[in-house]
Amino acid sequence: MRTVANYIISMLAAALVAFPFALLWRAVRRRGFIKNGTETTKEHEIFSVLFVMFMAALISQTIIPKIEITGEGLRFFQTGYNKYNLVPFREIKLAIRQGGTFFFVNFIGNQLVFAPIAFFVSLLYNKPGFLKSVLITTAFSTFVEVCQIPQNRGSDIDDVILNTLGGIIGYLLYLTLNRLLPEFAAKCKVKIKPEPEI
């Protein structure tokens, strides 16, 4: 479980670094909303900032190359996991058979870490729909796997499958929230002002 704890700590650090940039971005966006006649809410702004912080944390662990300091200076850290799997469900079956931390990180972790993407997209934007939310999650997962190839970190079709399942979970979490707290969910979306009648 130490591996999981290290991931969480690293993601929290990246999220904190992204926080002031997220605030600046939202300030710029709010000015744009005012010019376009779009209403925003406190809830939308808070969850937008959280979304940016989460994405920064996720990118820090999946796309940004790891750098380590050695006696020879800085160098890119390679995980040694340079396998490339294009056979669907092969690594998933291995994770299920092996169990333990490997199962939690590769099977459960790959779903949980991508679930917030579909959740935030569904929560923050008007009428994203199931298909759009899940496709965004799948597209980002595929992008991550492609970016990891030149880093010698491996690339796995099963990661895309599990990340997509995570997107489905995220959308279902949004539906649950929307059913239990519909007024709160509505406040998290921007509202376009209707055109004045002539």
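Residues numbered from 1 in each chain as written. Predicted model: local features only at pLDDT ≥ 70, side-chain atom pairs only at ≥ 80, totals over all residues. Heavy atoms only, no water.

**Looking at the side chain of S60**
Here is step 1 of the chain: For S60, the position within the fold is in helix α2 (residues 42–62).
Here is step 2 of the chain: Here the side chain of S60 touches Q61 through a polar contact of 3.3 Å, side chain to side chain.
Here is step 3 of the chain: Apart from residues lying up to four places away in sequence, S60 is in contact with S10, A14 and K66. (Helix = DSSP H or I, 4+ residues; strand = E, 2+ residues; numbered from the N terminus. Polar contact = N/O pair within 3.5 Å; in protein donor to acceptor, adjacent residues only side chain to side chain. Contact = heavy atoms within 4.5 Å.)

**Some details on the pattern of salt bridges**
Here is step 1 of the chain: Per the stated rule, a full pass over the model turns up 1 salt bridge.
Here is step 2 of the chain: For R26, the salt bridge is made with E45, and the minimal N-O distance between the two is 2.8 Å. Residue R26 is found in helix α1 (residues 2–36), and its partner E45 is found in helix α2; the two are separated by 19 residues along the sequence. Like R26, the residue E45 is buried in the burial classification. (Salt bridge = Lys/Arg side-chain N within 4 Å of Asp/Glu carboxyl O. Buried < 20%, exposed > 50% of the residue type's maximum accessible area, 1.4 Å probe, protein only.)

**Here's the deal with the nonpolar core**
Nonpolar side chains in soluble globular proteins generally cluster together in the buried interior.
Here is step 1 of the chain: Residues F54, I117, F120, L123 and F140 are the most contacted members of the largest nonpolar core, which totals 27 residues.
Here is step 2 of the chain: Those elements that provide at least two residues to this core are α1, α2, α5 (115–124), α6 (129–148) and α7 (157–180). (Core = buried A, V, L, I, M, F, W, Y, C linked by side-chain atoms within 4.5 Å.)

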